[in-house]
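Each chain is listed here by its residues.
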Amino acid sequence: MIIEATGLKGLKSDLAHLDEVTTKLGFVRWQWEYTRATYDFKMEDKASKSVYFLRVNARVESGKLESPYAILFLEEAYIGKETFPHGLDYNSPIPESVLKISNQKLAQLQQLLAD
């Protein structure tokens, strides 16, 4: 599920600042290559005992990843339910409690990147 109105899409940051801010908020940069990175935030819904991941993609505008000076711009934010063994289902319904946490994290990320 793509989260539409986040205000993040198109924001720019250097890699060092983006890594610092996302780590502070509990995101982990898992998937990366020289021109893109994916930041994941893991959430557990205790009622259903399901795990969800809020994911934000970033693409390089200039430089290459692993250079702290690389400039990245953010793309869509989306959320999926963890599936066995290593996947995410983006079409599953997302509980309100998980959506609320996701929206809070995205608002915090937007605020910290705007500072």
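Residues numbered from 1 in each chain as written. Predicted model: local features only at pLDDT ≥ 70, side-chain atom pairs only at ≥ 80, totals over all residues. Heavy atoms only, no water.

Participant: Is there a simple way to think about the overall build of the chain in this case?
Facilitator: Helix and strand counts for the chain stand at two helices and seven strands. Ordered by position from N to C terminus, the α and β elements of the chain give β-β-α-β-β-β-β-β-α. Taken over the C-alpha trace, the chain has a radius of gyration of 14 Å; the compact-globule value for 115 residues is 13 Å, and the two agree within 12%. Seen through its C-alpha atoms, the chain measures out along the principal axes to roughly 40 × 30 × 20 Å. Out of the 115 residues belonging to the chain, those deemed buried represent 42%. (Helix = DSSP H or I, 4+ residues; strand = E, 2+ residues; numbered from the N terminus. Rg over C-alpha atoms; globule rule 2.2 N^0.38 Å. Buried < 20%, exposed > 50% of the residue type's maximum accessible area, 1.4 Å probe, protein only.)

Participant: I tried to follow the packing of aromatic side chains on my own but got confused; where do I start?
Facilitator: Each pair of aromatic rings is reported with the distance of its centres and the angle of its planes. Following the criterion strictly, the structure yields two aromatic pairs and no others. Between F27 and F41 the ring centres are 5.5 Å apart and the planes differ by 45°, which places this aromatic pair in the tilted class. On the criterion of sequence distance, the pair formed by F27 in the loop between α1 (15-24) and β3 (28-32) and F41 in strand β4 (residues 36-45) is long-range, its members being 14 residues apart. The exposure class assigned to F41 is buried, which follows from its relative accessible area of 12%. Taken together, a centroid distance of 5.3 Å and an interplanar angle of 70° make the contact between Y78 and Y90 edge-to-face. Of this pair, Y78 sits in strand β6 (residues 71-83) while Y90 is found in the loop between β7 (87-89) and α2 (96-114), placing the two residues 12 residues apart along the sequence. (Phe/Tyr/Trp six-rings, centres within 6.5 Å; stacked < 30°, edge-to-face > 60°.)

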